Amino acid sequence: MWLVTPIPLGAIEWDLLLRGAVAGLLGFHLVQLALPGPRPAARTALGLFTLSVLAYLFCQRIELMLALPPLLTWLVLALCVSSSAWLWLAARALFDDEFAWTWATAAAGLGLASWGLAVHGPRLASAAQLMPDPLASAGSLGFAAAALLFVVAALWEVLHGWHSDLVEPRRAARRWVAGGIGAYAAIVLLVELALRGRAPGTWLPALHVAAIGGISLGLASVIARSSLDHVLGVTGTQPRHAETRLAMVAPAGATPLTEPKASAQLTRLQRAMTEDKLYHQDGLTLAALAQTLSLGEAALRALINHELGYRNFNDFLHHYRLTEAAARLRAESLPILTIALDCGYGSIGPFNRAFRQRFGMTPTEYRVGGRLLSRQSTI
């Protein structure tokens with residue numbers, strides 16, 4: 001992941017100037033992420049990835065690495081070689097509103113860092129002793145393959161929830177920033193595999209650093225146009241269903257809370273969900289719902305996000321499906337699978353996961369507890 005690259009004396013100043021400018025952009029992002037704000041777990045994951053990219057700038061210049069105190073040198077190297085793992089965690093944290101740190105997620109980054117140190121540590125020691133760079137081992141190929149798998153996993157995190165994401169700045173981040181980071185990281189890994197054992201020259205590292213700077217500048221522009229909270233998907237609005245939102249009528253003479261056009265659209269949305277029960281359709285997509293309501297997809301996303309406070313279309317569907325399922329579990333004796341299928345779930349697994357996440361218990365526990373309460377109330 002790092003290269004011992006001799007650079008002509010005349011190019012050193014320009015190379016350091018470019019790296020310093022990119023490091024300044026990365027420092028801007030670190031300051032933004034370090035400020036107090038919502039979703040601290042996501043901010044931490046994004047901060048670790050930003051630090052790993054900053055470390056990568058040092059790893060490409062061995063003289064900079066060797067100028068650092070030994071402990072800091074190894075810390076920088078650990079961050080550098082594990083950057084693809086932090087990329088995966090950053091993508092997951094950015095696009096998953098429920099992201100939280102666990103031992104498993106932390107072990108992914110620390111494990112790749114340990115493996116990378118074992119593979120690349122001898123190269124650092126050889127450079128410090130002015131010895132020839134040791135030959136690449138089979139372990140380095142395995143490490144590169146693992147790093148590439150993390151990049152693929154990051155791209156999957158970016159793409160798989162794209163259609164259900166209702167937060168427009170975050171959708172823009174998926175399209176231009178996170179997708180660009182993931183794709184570029186994959187290209188970098190492939191190029192480094194192709195150049196193993198050969199000098200990359202002067203221009204390739206410079207182009208590499210310039211591309212990192214371009215991505216960092218793009219992310220800075222996204223944040224400047226909205227805010228970091230919006231990019232993280234935080235709107236400050238709690239989810240509420242359409243009938244509650246429509247009931248929020250402003251006092252006489254006050255400015256209406258909702259524009260007339262939006263009120264009409266909310267009314268149609270309410271009828272589609274509460275009367276027509278469109279959420280019963282297994283696999284209902286935002287595009288299909290928008291077509292039924294004769295709305296554009298962008299308009300429907302804005303309606304559900306801005307007016308109702310939902311950041312994810314699946315969460316919006318879960319509200320209606322789980323509300324009906326909970327009521328039927330208490331009132332009916334039908335099998336749980338039958339109720340789940342009736343409410344729009346394609347199988348019992350997704351239903352159980354969504355139910356436990358919302359109510360903190362399984363559907364069976366909820367049904368038993370509800371019946372016990374009903375018996376106690378009749379005594």
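The residue count restarts for each chain, going from 1 along the sequence in the order it is written. Local features in this predicted model are restricted to residues of pLDDT 70 or higher, and side-chain atom pairs are both shown and tallied only at a pLDDT of 80 or more, whereas totals for entire chains, interfaces and linings draw on every residue. Computation of side-chain values: all heavy atoms of the structure, hydrogens and water removed.

**Q** Teacher, can you tell me more about the overall build of the chain here?
**A** Here a helix means four or more residues in a row that DSSP labels H or I, a strand means two or more in a row labelled E, and each is numbered from the N terminus. Per the secondary structure count, the chain includes 18 helices and zero strands. The rule is simple: take the accessible area with a 1.4 Å probe, protein chains only, and divide by the maximum for that residue type; under 20% is buried, over 50% is exposed, in between is partly exposed. Within the chain, buried positions represent 43% of all 379 residues. Here, residues are in contact when the closest pair of their heavy atoms is within 4.5 Å. Sequence separation of at least 24 residues holds for 73% of the intrachain contacts in the chain that already meet a minimum separation of 6.

**Q** Looking at this structure, how should I read the packing of aromatic side chains?
**A** Paired rings are identified among Phe, Tyr and Trp, the last through its six-membered ring, by centres lying within 6.5 Å, and are further divided according to the angle between planes into stacked (under 30 degrees), edge-to-face (over 60) and tilted (the rest). Considering all chains together, one arrives at 12 aromatic pairs under this definition. For the pair Phe316 and Tyr320, a centre-to-centre distance of 5.4 Å together with 75° between the ring planes defines the contact as edge-to-face. Of this pair, Phe316 and Tyr320 both sit in helix H15 (residues 313-331), four residues apart, roughly one helical turn. Overall, Tyr320 belongs to the buried group, its relative accessible area being 6%. Taken together, the ring pairs connect Tyr279, Tyr310, Phe313, Phe316 and Tyr320 into an aromatic cluster. Whether a charge lies above a ring is judged from NZ of Lys or CZ of Arg, which has to be within 6 Å of the ring centre and within 35 degrees of the ring normal. A cation sits over an aromatic face here: Arg174 above Phe95, 4.1 Å from the ring centre.

**Q** Looking at this structure, I do not really get the packing of helix H2 (residues 40-59) against helix H4 (residues 70-81). What am I missing?
**A** Think of two packed helices as two axes; the pair is described by the angle between the axes and how far apart they sit. The axes used here are C-alpha line fits, helices contributing only the stretch in contact, and every angle between their N-to-C directions lies in the interval 0 to 180 degrees. Interhelical geometry of H2 versus H4 gives an angle of 115° and a closest axis separation of 7 Å. Taken together, the axis directions place H2 and H4 in an arrangement best described as roughly perpendicular. Relative to H4, H2 is oriented so that their crossing is left-handed. Contacts between H2 and H4 involve Leu51, Ser52, Ala55, Tyr56, Phe58 and Cys59 from the former and Val76, Leu77, Leu79 and Cys80 from the latter. Think of it as three bins: nonpolar holds Ala, Val, Leu, Ile, Met, Phe, Trp, Tyr, Cys and Pro, charged holds Asp, Glu, Lys and Arg, and polar takes everything else, Gly as well. Per-class residue counts for the contact of H2 with H4 are nine nonpolar, one polar and no charged. Roughly parallel means an angle under 35 degrees; roughly antiparallel, over 145; roughly perpendicular, 65 to 115; everything else is oblique. Note on convention: near helix rotated counterclockwise from far helix by under a right angle means a left-handed crossing. Clockwise means right-handed.

**Q** Which parts of the structure should I look at to understand helix H5 (residues 83-95)?
**A** Because an α-helix completes one turn every 3.6 residues, residues spaced three or four positions apart along the sequence face the same direction. Each helix should span, by expectation, one fewer than its residue count multiplied by 1.5 Å. In this model, H5 (13 residues) spans 18 Å end to end at C-alpha, consistent with the 18 Å of a helix rising 1.5 Å per residue. Of all 13 residues in H5, 12 are buried, a share of seventy percent or more. Looking only at H5, the buried set comprises Ser83, Ser84, Ala85, Trp86, Leu87, Trp88, Leu89, Ala90, Ala91, Ala93, Leu94 and Phe95.

**Q** Looking at this structure, how should I read the pattern of salt bridges?
**A** One side-chain nitrogen of Lys or Arg within 4 Å of one carboxyl oxygen of Asp or Glu is enough to make a salt bridge. Evaluation of the coordinates by the stated rule reveals 11 salt bridges. Across the pair Asp97 and Arg39 runs a salt bridge whose closest N-O atoms are separated by 3.8 Å. On the criterion of sequence distance, the pair formed by Asp97 in the loop between H5 and helix H6 (103-128) and Arg39 in the loop between helix H1 (9-34) and H2 is long-range, its members being 58 residues apart. Accessibility expressed as a relative area gives 18% for Asp97, which makes it buried. With a relative accessible area of 14%, Arg39 lands in the buried category. Between Asp97 and Arg311 there is a salt bridge, with its nearest N and O atoms 3.4 Å apart. Taken together, the residues Asp97 in the loop between H5 and H6 and Arg311 in the loop between helix H14 (297-307) and H15 connect sequence positions 214 residues apart. Arg311 gets classed as partly exposed once you look at its relative accessible area, which sits at 24%. Taken together, the shared-partner salt bridges connect Arg39, Asp97, Asp165, Arg170, Arg174 and Arg311 into one network.

**Q** Sorry if this is basic, but what is going on with the confidence of the model for the chain here?
**A** Reading fine detail from the predicted coordinates is not recommended where pLDDT is low. A residue-level look at the chain finds 73% of positions with pLDDT of 70 or above and a mean pLDDT of 79. Each residue carries a pLDDT score, the predictor's confidence in it, ranging from 0 to 100. The weakest mean pLDDT in the chain belongs to helix H11 (residues 242-246) at 47; the strongest belongs to helix H16 (residues 336-342) at 95. Predicted confidence is poor over residues 1-7, with pLDDT under 50, and the contacts of this stretch with residues over four places away or in other chains come to 28 contacts. Here residues 243-258 is a poorly scored stretch, pLDDT under 50, and it has 21 contacts once near neighbours within four places are set aside; other chains count.

**Q** Before we go on, may I ask you to explain the layout of surface pockets in this structure?
**A** Which parts of space are left empty comes out when a probe the size of a water molecule is rolled across the atoms. In this structure, the largest pocket encloses a volume near 1400 Å³. Along the wall of the largest pocket there are 43 residues; nearest its centre are Asn312, Asn314, Asp315, His318 and Gln357. Breaking the lining of the largest pocket down by element, the ones donating at least two residues are H5, helix H7 (138-160), helix H8 (168-194), helix H13 (286-292), H14, H15 and helix H17 (348-359). Ranked by residues supplied to the lining of the largest pocket, first place goes to H15 with eight residues. Class assignment of the residues belonging to the lining of the largest pocket gives a composition of 13 nonpolar, 14 polar and 16 charged. Cavities and pockets were defined on a 1 Å grid built over protein atoms only: a cavity is a set of grid points that admits a 1.4 Å probe from which the probe cannot escape, a pocket is an open set flanked by protein on both sides within 12 Å along at least five of seven lines, and lining residues are those with an atom within 4 Å of any such point. Grid points are joined across faces, edges and corners, and a volume is the space filled by probe spheres set on the points.

**Q** For this particular structure, what's the right way to read the environment of Glu168?
**A** For Glu168, the location among the structural elements is in helix H8. In this structure the C-alpha to C-alpha distance between Glu168 and Arg311, which are 143 residues apart in sequence, comes to 9.5 Å. Contact partners of Glu168, with chain neighbours within four places excluded, come to Arg175 and Arg301.

**Q** I'm lost on the side chain of Ser164 in this one. Help?
**A** Along the chain, Ser164 falls in the loop between H7 and H8. On the basis of relative accessible area, Ser164 is assigned to the buried category, the value being 13%. Think of a polar contact as two N or O atoms within 3.5 Å of one another; within protein, one of them needs to be a possible hydrogen donor and the other a possible acceptor, and neighboring residues in sequence only count if both atoms come from side chains. A polar atom in the side chain of Ser164 sits 3.4 Å from the side chain of Asn312.

**Q** For this particular structure, what's the right way to read unusual backbone geometry?
**A** The bulk of non-glycine residues show a negative phi, and the bulk of peptide bonds are trans. A positive phi angle is found at Arg39, which is not glycine, with a value near 55°. Even without being glycine, Lys277 reaches a positive phi, approximately 50°. Position of Lys277 among the secondary structure elements: in the loop between helix H12 (260-275) and H13. According to the relative accessible area criterion, Lys277 is partly exposed, its value standing at 32%.

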